[in-house]
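As a plain string of letters, each chain reads:
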Amino acid sequence: MQTASTNIGERMGRSQELSDSKRGPVIGGHLGNKSIRDISWLLNIPRSTVSGIITKWKQLGTTATQLPSGRPRHMTGRGQRMLKLTVRRSRQLSAESIAKDLQTWCGLQMSPTTVRRELHGMGFHGRAAASKPSITKCNAKCRMPWCKARRHWTL
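Bear in mind that the values here come from a model prediction, so they are computed numbers and not experimental data.

Asker: Could you give me a rundown of the overall build of the protein, with the residues and numbers involved?
Answerer: A count of helical and extended segments in the protein gives 8 helices and 0 strands. Secondary structure elements of the protein, listed N to C terminal, follow the sequence α-α-α-α-α-α-α-α. Summarising the internal contacts of the protein: among those between residues at least 6 apart in sequence, 39% fall at separations of at least 24.

Encoded structure:
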C-alpha cells in the first residue's frame, strides 16, 4: 500500500503546481550555473518541470502563476444547482421561462441558449417521451405474449 507523498517526483499523472518557495531555488540554481539535471536531483523535482520553470522565467521575467486563458464560466455552482432543481421540478418548462426564473431567484442574467447548453452538459436533453400504446385493464390482465411483457405498465 502506498502512502501519500508530498514528493512531486514520486507521484504519477498530473500533479499540483509548485509553490513559489520551490520555484525560487530553481531560479537560484540556474543563476548559480547549475545544470537542469543537478537542480532536478537536488530539489527532487522532474527535469521537465525545472526546464519549464527556467523557460518561463526567461520569457516572462517571473515565475508567478499566470491567469488562465479563456473566458470564465458564466454560471456558478450555485446557479447550476438552482437550474437542476428547477428542471427536476418541472421537466416541461421552456428555456426562456427557466432563464427568467433564474434571473428572479439568483440574479443570473443569461440567455435561453446558455440555459440549454448548461442543461445539455448536465445530461438533460429536449426530447419527447416515447409513445406507448393505450393499456386498458382488460389488456393488462390478458394472457397474450404482448400483454405479459407489458402487464406491469400503469394506466
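Asker: Quick rundown of the confidence of the model for the protein? Include the residues and the values.
Answerer: Overall, the prediction assigns the protein a mean pLDDT of 80, with 75% of residues at 70 or greater. Across residues 1-5, where pLDDT falls below 50, the model places 2 contacts with residues more than four positions away in sequence or in other chains.

Asker: Describe the nonpolar core, with residues and values.
Answerer: Among the nonpolar cores identified, the biggest contains 12 residues, and these are M75, L83, V87, A95, I98, A99, L102, L108, M110, V115, L119 and F124. For this core, the elements supplying multiple residues, two or more each, are α4 (77-89), α5 (95-105) and α6 (112-122). Per element, the largest residue contribution to this core is 4 residues, and it comes from α5. Once residues within four sequence positions are removed from consideration, F124 is found in contact with K84, V87, R88, R91 and L119. Within the second largest apolar cluster, 8 residues are counted, among which are V26, I27, I45 and I53.

Asker: I'd love a proper account of unusual backbone geometry, names of residues and values included.
Answerer: Phi is positive for N33, close to 60°, though the residue is something other than glycine. Note on placement: N33 falls in the loop between α1 (20-31) and α2 (36-43). We classify N33 as exposed; its relative accessible area is 74%. One non-glycine residue, N44, lies in the positive phi region at around 60°. When you line up the elements, N44 lands in the loop between α2 and α3 (47-60). Accessibility expressed as a relative area gives 39% for N44, which makes it partly exposed.

Asker: Give a description of the pattern of salt bridges that names residues and reports values.
Answerer: Evaluated as defined, the whole model comprises 3 salt bridges. D20 is the partner of R23 in a salt bridge, and the nearest nitrogen-oxygen pair spans 3.3 Å. Placement of both R23 and D20 in helix α1 is noted, with a separation of 3 residues, approximately one turn of the helix. A relative accessible area of 6% means that R23 is categorised as buried. Of the charged contacts, one joins E96 and R116 as a salt bridge, the two residues approaching to 3.4 Å between their closest N and O atoms. Of the two residues, E96 is situated in helix α5 and R116 in helix α6; the sequence distance between them amounts to 20 residues.

Reading guide: rules and limits
- Per-chain numbering applies: the sequence of each chain, read as written, is numbered from 1 onward.
- In keeping with the model being predicted, local features are shown solely for residues with a pLDDT of at least 70 and side-chain atom pairs are shown and tallied solely at 80 or more, while totals for entire chains, interfaces and linings include all residues.
- Only hydrogens and water are set aside; all other atoms, that is, all heavy atoms of the structure, feed into the side-chain values.
- Runs of H or I in DSSP of at least four residues are treated as helices and runs of E of at least two as strands, each being numbered from the N terminus.
- Here, residues are in contact when the closest pair of their heavy atoms is within 4.5 Å.
- Think of pLDDT as the predictor's per-residue confidence, scored from 0 to 100.
- For the purposes of this section, nonpolar cores are sets of buried Ala, Val, Leu, Ile, Met, Phe, Trp, Tyr and Cys residues that join through side-chain atoms within 4.5 Å.
- The classification of residues rests on relative accessible area computed with a 1.4 Å probe and restricted to protein chains. Under 20% of the type maximum is buried, over 50% is exposed, and intermediate values are partly exposed.
- Any carboxyl oxygen of Asp or Glu within 4 Å of a side-chain nitrogen of Lys or Arg constitutes a salt bridge here.

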